[in-house]
Amino acid sequence: MKISEIYSTATKPVFSFEIFPPKTKEGDLKLINSVSELKKLSPSFISVTYGAGGSTKDKTIDLCESIQSQFQIPTMCHFTCVGASSSEVKGTLQIIESKKIENVIALRGDPPKDQGVFIRHPNGFANGTELIEFIKKEKFPFCLAGGCYPEKHPDSPTLDEDVKFLKKKVDTGAEFLITQLFFSNQRFQVFLGKTKNAGINVPIIPGIMPITSFSQIERFKGMANCEIPDALVTELEQLKNQPTEFLEKSIQFTVYQCKELLKMGVPGIHFYTLNQSMATIEIMKSLI
C-alpha cells in the first residue's frame with residue numbers, strides 16, 4: 001500500500017517505525033524479534049535505512065521485502081544517491097520495484113565514514129531533490145517521501161533558505177516529509193509556520209527518538225543539528241549511571257513531547273527505534 005494513501009485516508013494519527021539492517025546474524029535474529037513485538041502496536045508502515053554510502057543497499061531491500069511478506073506491514077525503502085551514477089541509481093530502483101516495494105524515501109545520504117564530506121558522483125546527483133526529479137522523470141511508480149530538518153539542514157545557511165529548498169523538493173514530487181529527530185516542539189512549530197507560508201501542503205511527520213544513553217546527546221546534536229533542552233540534559237546527566245531511572249526519565253520526556261505534538265494536530269509520528277522495541281513500546285502504551 002502506498003503511504004500517501006495511508007495519510008490521506010487516516011481517521012487517527014499514523015504511527016510508524018524505522019529500523020536499520022543489522023551487521024551480524026545475531027543482530028538479524030534480534031531484529032526479527034523486535035519487529036514481532038512492534039507489530040503488536042499495529043504500525044501503519046516500517047521504514048528501513050540505507051547505510052552510509054549505500055553500504056547496506058541489498059540488505060535494506062531484502063529487509064523491506066521480508067517484512068512485507070512475513071509480517072504483512074507496508075514498508076518504505078530508504079534510498080540515497082551517494083557514490084552512485086544515474087545508471088546505477090536506475091538499476092537499483094528497478095530492483096526495488098521488482099520486489100513490490102511501493103514506497104521510497106529519497107535522500108542525499110551520508111558519505112562513507114572514510115570520506116567525511118559528501119562528494120557528488122560525476123554522473124550522479126547532488127541532493128535528494130535531484131534524486132526525486134530523476135525518479136519521476138524515469139516514471140517509477142513509487143510513492144516518494146523526502147526528509148527535512150526542523151532546525152535547518154547543517155549545510156543550509158538559514159532556516160528560511162532551507163524551507164525554500166524544501167518547497168522545491170515537494171514541487172518536484174515528494175508526497176510527504178519525515179523530519180530529522182528533534183526535541184523542541186517550539187522549534188518544530190516555528191518550522192511548520194514557515195513551511196505553511198512557503199506553500200508546502202504535504203504531510204510533515206515528526207521523527208522522534210528517545211535518548212537511551214547519555215553518550216547519545218552530543219552525537220544527536222551533531223547528526224541532527226538539533227537543540228536538546230538544557231533542563232532535560234541536566235536531569236539525564238544526574239541519572240547517567242542509573243540506567244533504569246535514566247530510561248524512565250527519557251521516556252517520560254518523549255511521551256510528553258509526543259502528546260504535545262498530537263495536540264498540535266500532526267498527521268502521525270515516526271519513531272526511530274534503533275532496532276530496540278522496548279522504549280518504543282513503552283512510549284506507545286501512553287499514546288494509544
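Here goes a summary of the coordinates provided. As the structure is a prediction and not an experimental result, all values here were calculated from the model. (Residues numbered from 1 in each chain as written. Predicted model: local features only at pLDDT ≥ 70, side-chain atom pairs only at ≥ 80, totals over all residues. Heavy atoms only, no water.)

## What about the side chain of Ser-277?
Keep this limit in mind: Secondary structure elements follow DSSP: runs of H or I of four or more residues count as helices, runs of E of two or more count as strands, with numbering from the N terminus. Contacts between residues were defined by any pair of non-hydrogen atoms, one from each residue, lying within 4.5 Å.
Relative to the assigned elements, Ser-277 resides in helix H11 (residues 277–285). Those residues within four positions of Ser-277 in sequence are excluded, and the remaining contacts are Ser-34, Glu-37 and Leu-38.

## Some details on the packing of helix H2 (residues 25–39) against helix H3 (residues 57–71)
The criterion, for reference: Fitted lines through C-alpha atoms serve as axes, helices being fitted only where they are in contact, and the angles separating the N-to-C directions of these axes extend from 0 to 180 degrees. Oblique is the label for any angle not under 35 degrees, not over 145, and not in the 65 to 115 range, which are roughly parallel, roughly antiparallel and roughly perpendicular in turn. Handedness of each helix crossing follows the sense of rotation of the near helix against the far helix: counterclockwise by less than a right angle gives left-handed, clockwise gives right-handed. Residues are sorted three ways: Asp, Glu, Lys and Arg are charged, Ala, Val, Leu, Ile, Met, Phe, Trp, Tyr, Cys and Pro are nonpolar, and all the rest, Gly among them, are polar.
In the contact formed by H2 and H3, the axes pass within 12 Å of each other and the chain directions differ by 45°. Relative to H3, the element H2 is oriented oblique. Here H2 runs over H3; the crossing is right-handed. Residues Asp-28, Leu-31, Ile-32, Val-35, Ser-36 and Lys-39 of H2 form the contact with H3, whose own contacting residues are Lys-59, Leu-63, Gln-70 and Phe-71. In the contact of H2 with H3, the residues fall into five nonpolar, two polar and three charged.

## Comments concerning the pairing of strand S4 (residues 103–107)
Short version of the rule: Three labels apply to residues, based on accessible area from a 1.4 Å probe with only protein chains included: buried if under 20% of the type maximum, exposed if over 50%, partly exposed otherwise in between. For two strands to be treated as a pair, DSSP must find at least two bridges joining them.
The buried fraction of S4 amounts to four of the five residues, a majority that puts the element mostly inside the structure. Across five bridges, the pairing between strand S3 (residues 75–80) and S4 is parallel. Its bridge partner being in S4, Met-76 is matched across the sheet by Asn-103. Here S4 runs beside strand S5 (residues 143–148); their pairing, made up of three bridges, is parallel. Bridge pairing links Val-104 to Leu-144 in S5.

## Structural notes on the packing of aromatic side chains
Note the threshold: Pairing of aromatic side chains here covers Phe, Tyr and the six-membered ring of Trp, requires ring centres within 6.5 Å, and sorts the geometry by plane angle: under 30 degrees stacked, over 60 edge-to-face, intermediate tilted.
Inspection of every chain in the model, using the stated rule, returns 12 aromatic pairs. For the pair Phe-15 and Phe-271, a centre-to-centre distance of 6.5 Å together with 25° between the ring planes defines the contact as stacked. Pair noted here: Phe-15 is in strand S1 (residues 14–19) and Phe-271 is in strand S9 (residues 268–272), with a separation of 256 residues, a long-range link. Assigned by exposure class, Phe-15 and Phe-271 land together as buried. Note on Phe-183 and Phe-253: the rings are 6.5 Å apart at their centroids and 35° apart in plane angle, and the pair reads as tilted. Taken as a pair, Phe-183 in the loop between strand S6 (176–179) and helix H7 (185–197) and Phe-253 in helix H10 (residues 243–263) lie far apart in primary sequence, 70 residues in all. Overall, Phe-183 belongs to the buried group, its relative accessible area being 4%. Among the aromatic residues, those joined into a cluster by ring pairs are Tyr-7, Phe-45 and Phe-176.

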